[in-house]
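# Structure assessment
Spelled out, the chains give:
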Amino acid sequence: MAKKYEGLPRYVLETDYGCYSDYGWTIACTRDTFEDGKSQYEHWSKTNGNYRLVDGETGEVLLGDNT
C-alpha cells in the first residue's frame, strides 16, 4: 500500500523512476482534483518510468502500479 500524505493536495502522482529510484515511490506532483491527477498520470505514464496516482488521504492507489 502507498503511504498517506497530510497537508498536501489530495491526489498525489508518485514515481520511482530516474533520480527518484533511490527513494522508492516518491512524489512527482500533487493535484487538488481527481481529474487533474488523472490527466497528469495519463501524460506521464506515456514516458519512461513508473507512475501511479494515489489518494493522499487513504493511501489507496487509484491508477497505476500497486507494487
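Residues numbered from 1 in each chain as written. Predicted model: local features only at pLDDT ≥ 70, side-chain atom pairs only at ≥ 80, totals over all residues. Heavy atoms only, no water.

## Quick look at the pattern of salt bridges
Summed over all chains, the structure comprises four salt bridges. Between Arg-10 and Asp-55 there is a salt bridge, with its nearest N and O atoms 2.6 Å apart. Of the two residues, Arg-10 sits in the segment before strand S1 (11–15) while Asp-55 sits in strand S3 (residues 51–55), which places them 45 residues apart along the sequence. We classify Asp-55 as buried; its relative accessible area is 5%. Two residues, Glu-14 and Arg-52, come together in a salt bridge whose shortest N-O distance is 2.7 Å. Pair noted here: Glu-14 is in strand S1 and Arg-52 is in strand S3, with a separation of 38 residues, a long-range link. Accessibility assignment for this pair places Glu-14 and Arg-52 in one class, buried. (Salt bridge = Lys/Arg side-chain N within 4 Å of Asp/Glu carboxyl O. Helix = DSSP H or I, 4+ residues; strand = E, 2+ residues; numbered from the N terminus. Buried < 20%, exposed > 50% of the residue type's maximum accessible area, 1.4 Å probe, protein only.)

## Let's talk about helix H1 (residues 34–44)
For H1, the full list of buried residues reads Gly-37, Gln-40 and Tyr-41. One side of H1 holds all its buried residues, which, seen down the axis, span an arc of 100°. Of the surrounding secondary structure, the elements contacted by the buried residues of H1 are S1, strand S2 (26–31), S3 and strand S4 (61–64). (Arc of directions from axis to C-beta. Contact = heavy atoms within 4.5 Å.)

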